[in-house]
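For reference, the chains in residue letters:
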Amino acid sequence: MAKKDKSGNEIFESAEALQKEFVKAESFVEKNKTILLGIVGVLVAAVAIFFGYKYYNQTQDTEAQAAMFDSVYYFEQDSLDLALNGTGGNAGLLEIADSYGSTPAGNLANFYVGTIYLQQGKFDEAIEHLSNYSSSDLVLQGKAYCLIGDANMEKGNTSEAISAYKKAADYKPNKFITPGYLMKLATAYETANETDGALEAYSKLVEQYPNANESLTAKKYKSMLEAQAGE
């Protein structure tokens with residue numbers, strides 16, 4: 001027999017009552033043995049898959065990094081076609097991005113490919129690969145947003161460019177890179193004849209980054225816009 005405490009929990013008064021509960025539990029396990037074993041099997045399989053994929057992904061990333069070595073060298077030497085397509089048995093950045101896209105190295109390859117396509121005037125391809133790049137680092141993610149903005153400006157898509165430049169300017173703001181993004185954002189707004197947006201971008205640059213090289217230029221353009229708006 002059992003009684004309840006103030007919280008409503010049962011308190012067993014004897015070893016005999018406790019034994020009965022163990023018997024009930026054993027009976028439940030026996031009756032549902034197949035289901036319980038199935039649940040355990042699923043959990044074990046899930047853990048095995050997780051660690052298996054993690055190991056596979058690490059192995060793939062190591063392969064991708066090794067494959068990227070020559071391609072990055074060609075990129076730095078401005079041999080863009082060789083960087084993209086590789087030479088002989090060496091995989092190019094395109095193949096690395098396609099085959100190892102789920103790895104950190106494959107992810108970085110997308111950034112390189114997008115940058116190359118932008119330089120070659122292939123703006124749609126540049127936007128696609130730069131959009132596939134994702135990182136939490138201080139510099140490259142903001143740079144990717146900015147390059148997407150550049151590609152859209154070349155295509156005449158000022159609204160998309162403004163959106164991309166905003167992302168670049170808002171991504172981990174700092175005094176070294178953000179002022180340049182704000183200048184591009186203001187220019188995109190001016191191109192779209194959106195004076196208020198341009199003034200806001202110039203003002204933000206001047207007020208938050210007064211010592212930046214772009215600050216004097218921003219003051220000049222801001223004054224010109226204000227004068228035009230006052231006419």
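Residues numbered from 1 in each chain as written. Predicted model: local features only at pLDDT ≥ 70, side-chain atom pairs only at ≥ 80, totals over all residues. Heavy atoms only, no water.

1. A closer look at the overall build of the chain
For step 1, the next point in the chain: For the chain, the helix and strand inventory stands at 11 helices and two strands.
For step 2, the next point in the chain: Secondary structure elements of the chain, listed N to C terminal, follow the sequence β-β-α-α-α-α-α-α-α-α-α-α-α.
For step 3, the next point in the chain: Relative to its 231 residues, the chain shows a buried fraction of 35%.
For step 4, the next point in the chain: Partitioning the intrachain contacts of the chain with sequence separation of at least 6 by distance along the chain shows that 47% fall at a separation of at least 24.
For step 5, the next point in the chain: Surface accessibility of the chain: about 14,400 Å² in total, with carbon and sulfur atoms responsible for 54%. (Helix = DSSP H or I, 4+ residues; strand = E, 2+ residues; numbered from the N terminus. Buried < 20%, exposed > 50% of the residue type's maximum accessible area, 1.4 Å probe, protein only. Contact = heavy atoms within 4.5 Å. Areas by Shrake-Rupley, 256 points an atom, 1.4 Å probe, with all protein chains shown as cover.)

2. Describing the side chain of Ser215
For step 1, the next point in the chain: In this structure, Ser215 sits in helix H11 (residues 214-230).
For step 2, the next point in the chain: Ignoring anything within four residues of it in the chain, the contact list for Ser215 reads Leu205, Val206, Tyr209 and Pro210.

3. A short note on the packing of helix H5 (residues 104-119) against helix H7 (residues 140-155)
For step 1, the next point in the chain: Running from amino to carboxyl end, H5 crosses H7 at an angle of 30 degrees, the nearest separation of the two axes being 11 Å. Of the possible angle classes, the one that applies to H5 and H7 is roughly parallel. Crossing of H5 against H7: the hand is left-handed. Every residue of H7 that contacts H5 at Leu108, Phe111, Thr115 and Leu118 is listed here: Leu140, Lys143, Ala144, Leu147, Asp150 and Ala151.
For step 2, the next point in the chain: A breakdown of the residues in the contact of H5 with H7 according to their chemical character gives seven nonpolar, one polar and two charged. (Axes fitted to C-alpha atoms, helices over the stretch in contact; angles between N-to-C directions. Parallel < 35°, antiparallel > 145°, perpendicular 65-115°, else oblique. Left-handed = near helix turned anticlockwise from the far one by under 90°. Nonpolar A, V, L, I, M, F, W, Y, C, P; charged D, E, K, R; others polar.)

4. With respect to the pattern of salt bridges
For step 1, the next point in the chain: One pass over the full model with this rule turns up three salt bridges.
For step 2, the next point in the chain: As a salt-bridge pair, Asp124 and Lys155 come within 2.8 Å of each other at their nearest N and O atoms. In this pair, Asp124 sits in helix H6 (residues 123-132) while Lys155 sits in helix H7, placing the two residues 31 residues apart along the sequence.
For step 3, the next point in the chain: Its relative accessible area of 48% is what places Asp124 among the partly exposed residues.
For step 4, the next point in the chain: Given the relative accessible area of 34%, Lys155 is considered partly exposed. (Salt bridge = Lys/Arg side-chain N within 4 Å of Asp/Glu carboxyl O.)

5. Digging into the confidence of the model for the chain
For step 1, the next point in the chain: The pLDDT averaged across the chain works out to 83; a share of 74% of its residues lies at or above 70.
For step 2, the next point in the chain: Every residue in residues 1-5 scores below 50 in pLDDT, and together they form 12 contacts with partners more than four places removed in sequence or on other chains.
For step 3, the next point in the chain: Long-range and interchain partners of residues 47-57, a stretch whose pLDDT sits below 50, account for three contacts in this model, where long-range means more than four residues apart. (pLDDT = per-residue confidence, 0-100.)

6. Focus: the nonpolar core
A general tendency of soluble globular proteins is for nonpolar side chains to be buried together.
For step 1, the next point in the chain: Core analysis: the largest hydrophobic core is formed by 30 residues, its most contacted members being Met68, Leu93 and Ile116.
For step 2, the next point in the chain: Where this core is concerned, the elements lending two or more residues are helix H2 (33-76), helix H3 (80-85), helix H4 (93-99), H5, H6 and H7.
For step 3, the next point in the chain: When residues of this core are assigned to their parent elements, the largest contribution, eight residues, is made by H5.
For step 4, the next point in the chain: Residues contacting Ile116, with those up to four places away along its chain left out, are Phe75, Leu80, Ala83, Leu84 and Leu93.
For step 5, the next point in the chain: Core analysis: the next-biggest nonpolar cluster, separate from the first, contains 23 residues, Ala168, Leu182, Met183 and Leu225 among them. (Core = buried A, V, L, I, M, F, W, Y, C linked by side-chain atoms within 4.5 Å.)

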